[in-house]
Amino acid sequence: MSNIFASKMVVINSRLVTNQGLDLDEVDKVNKLHKVRNCYLTLMENTDDSVELKRLSLFITQIDFQLQKLWKFKVDSTYHRFWELPKCQCPASDNLDTFGTGHRYINPNCPIHG
């Protein structure tokens, strides 16, 4: 059986680490959370079940909150790029235009958000 989780590498921005004043323990936690997040993304890529996709997206959201806290950013879902989740059919360009405002464009046919 192949390992479906082995394909994604985690590389974090060293300049941001310095700017945010992260210590080695925080950097280690960020790296580990990104690895876990990538595993959930892989699980999403490997299912078409809408209920499962919605459930997995909730885990991603919680990880994104934890990452914001570790990076010492404001913990705020308006800065989550939800439309980039696997299988999401919400309009990327519209959501990018309103990124950070709290306004979301949701495709009613999206298996995750619709």
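Our subject in this report is the structure included herewith. Because the structure is a prediction, the values reported are computed rather than measured.

Before going further, it helps to examine the environment of S50. Inspection of the secondary structure assignment puts S50 in helix 3 (residues 50-70). Each C-alpha atom of the pair S50 and G114 lies 9.7 Å from the other, and the pair is 64 residues apart in sequence. Looking at S50, its side chain comes within polar contact range of the main-chain oxygen of P111, at 2.5 Å.

Another aspect to go through is the environment of S57. Locating S57 in the fold gives a position in helix 3. Separated by 47 residues in sequence, S57 and V10 have C-alpha atoms that sit 19 Å apart. Residue contacts for S57: discarding those within four places in its chain leaves M44, L85 and I112.

What follows covers the pattern of salt bridges. All told, the structure shown has eight salt bridges when counted by the stated rule. Of the charged contacts in the structure, one is a salt bridge between D28 and K32, with a shortest N-O distance of 3.0 Å. Residue D28 and its partner K32 are located together in helix 2 (residues 24-45), separated by four residues, close to a single helical turn. Residue class for D28 comes out partly exposed when judged on its relative accessible area of 34%. The salt bridge partner of D48 is K87, with a shortest N-O separation of 2.8 Å. Pair noted here: D48 is in the loop between helix 2 and helix 3 and K87 is in the loop between helix 3 and helix 4 (92-97), with a separation of 39 residues, a long-range link. Given a relative accessible area of 30%, K87 falls into the partly exposed group.

Residues apart from glycine generally show negative phi values, whereas peptide bonds are mostly found in trans. Positive phi, normally seen in glycine, also occurs at K72, with a value near 65°. Along the polypeptide, K72 turns up in the loop between helix 3 and helix 4. Under the relative-accessibility criterion, K72 is labelled partly exposed at 42%. At K87, a position not held by glycine, the phi torsion is positive, near 75°.

Below, the discussion takes up the nonpolar core. The biggest cluster of nonpolar side chains holds 12 residues, and these are L41, M44, L53, L56, I60, F82, W83, L85, C88, C90, C110 and I112. Those elements that place two or more of their residues in this core are helix 2 and helix 3. Membership of the second largest hydrophobic core comes to 10 residues, among which are I12, L22, I63 and L67.

How each quantity is defined
Residues numbered from 1 in each chain as written. Predicted model: local features only at pLDDT ≥ 70, side-chain atom pairs only at ≥ 80, totals over all residues. Heavy atoms only, no water. Helix = DSSP H or I, 4+ residues; strand = E, 2+ residues; numbered from the N terminus. Polar contact = N/O pair within 3.5 Å; in protein donor to acceptor, adjacent residues only side chain to side chain. Contact = heavy atoms within 4.5 Å. Salt bridge = Lys/Arg side-chain N within 4 Å of Asp/Glu carboxyl O. Buried < 20%, exposed > 50% of the residue type's maximum accessible area, 1.4 Å probe, protein only. Core = buried A, V, L, I, M, F, W, Y, C linked by side-chain atoms within 4.5 Å.

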